[in-house]
Every structure is written in C-alpha cells, then in structure tokens.
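Understanding the architecture of this molecule
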Amino acid sequence: FFGNSEWARVMSGADWKAVYEAKCRELEELREQHADFQKTMEQVDKQLEKQIEQATKQAERLEKRLADLNKRVKAEKKKLKEETEGEAQLVKAIAALDEQLAEMHAKHEKLLESKNELDSIHTRVSQENVELRERLDDAEEENVLLEQDLKTMQQTKAENIQRIKDQLRDVQHELSAMLLDKGAKTS
C-alpha cells in the first residue's frame, strides 16, 4: 500500500496506529465494495446463465425449426423440380400452340386478303355485269328496231319489186304492142 518513503515515515512516527486504523477502515470499505461487487457479479452471472440457458433453448428451437425448414425446402425443391419439369413440357406445348396460332393468324390474314380481293373482283364483275346487261338490253332493243326496219325495208323492197315487175310487164306489153304495130306497119 505504501511507497518506501511513506512506509519509513509511518514506522518512524507515533501515529502509525491512526494510519493502521485508517488503512483498516479502507480495507473494510474495500471488502464491502468487493462483497457488493461479488453479489452484483453473482446476480450478473445468474442473469447471464439464465440468458445463456434461454439463448441455448432458443438456439435449439431455432435449430429444430431450421431442420424442419430444410426438410420443407428440400420437399418444396423436389416438388418444384417436378413441377418445373412438367411446366417445361407445358411451356413446350404452349410454344407449339402459340406457333400454330401464329400460323393460323397468318393464314387467316391471307384468307381475309383473298376474300377482300375476291370481294373487290366480285364488285367489279358485278358492275361490269350490270354494264354488259345494259349494253345487251340496248343491243336487243336496237336489234328489235333493226328487225322492224329490216321487215319494213323487205316489205318496201317486195312492194318496189312488185311495182317494178308490174311496170316492166306494162313496158313489155307496150313494147310488144309497139313492135306489133311497127311490124304491121312494115308489112
């Protein structure tokens, strides 16, 4: 407790008893502080042991839960693997169906284009048919008129031929009469 010079002073003087008593009180205080510290440390140790025990129990529960979770994860992983294999087949099937659908859409578009072209052609043909029908009607009407004109002309021709024949006959009679007259005059 004492340095060399202090020890020498205490041993040389008469108040060593006072120093002794002071040091005893100091020692007693230190012992009380140590006892308090020991009690506090015991309480802290008990609390730490309790906390360690709780932490251990909690760690055991967590390990059990972790083991359960690992089992579940493995089971889910296996299930997902099986599902993904099934899904891979489904994805392939869906891709094939999508491809067929795209082909069908393309064919549908081509058919629509063909239909539109055919509709356009049908419209043009219908218009041309109407025009041809009108021209045919006009031609038939003109033909009827021409037939009537032809009949009229044939009738007029027949009448003219008959008139010319009648005139020719008359002229032949007159000529015969003149020739007979002239032959009678010369004889």
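The structure presented is a predicted model; accordingly, all values stated were derived computationally and were not measured. (Residues numbered from 1 in each chain as written. Predicted model: local features only at pLDDT ≥ 70, side-chain atom pairs only at ≥ 80, totals over all residues. Heavy atoms only, no water.)

Assigned secondary structure in the chain consists of two helices and zero strands. The C-alpha radius of gyration computed for the chain amounts to 72 Å, which surpasses the reference 16 Å derived for 187 residues by more than 25%, pointing to a less compact arrangement than a globule. Across its three principal directions, the C-alpha atoms of the chain cover 230 × 45 × 25 Å. Taken across its 187 residues, the chain has 1% of its residues classed as buried. Taking the 33 positively charged and 42 negatively charged side chains of the chain as two groups, their mean positions are separated by 7 Å. (Helix = DSSP H or I, 4+ residues; strand = E, 2+ residues; numbered from the N terminus. Rg over C-alpha atoms; globule rule 2.2 N^0.38 Å. Buried < 20%, exposed > 50% of the residue type's maximum accessible area, 1.4 Å probe, protein only. Lys, Arg positive; Asp, Glu negative; His and termini not counted. Charge placed at Lys NZ, Arg CZ, Asp CG, Glu CD.)

Let's shift gears to the pattern of salt bridges. Considering all chains together, one arrives at five salt bridges under this definition. Close ionic contact of Lys23 with Glu26 constitutes a salt bridge, the shortest N to O distance being 3.7 Å. Taken together, the residues Lys23 and Glu26, both in helix 2 (residues 16-186) and three residues apart, mark about one turn of the helix. Judged by relative accessible area, which is 41%, Glu26 ranks as partly exposed. With its nearest N and O atoms 2.8 Å apart, the salt bridge here joins Lys115 to Asp119. Here the residue Lys115 and the residue Asp119 both occupy positions in helix 2, the gap between them amounting to four residues, near one helical turn. (Salt bridge = Lys/Arg side-chain N within 4 Å of Asp/Glu carboxyl O.)

Such coordinate-based values are descriptive only and should not be taken to indicate function.
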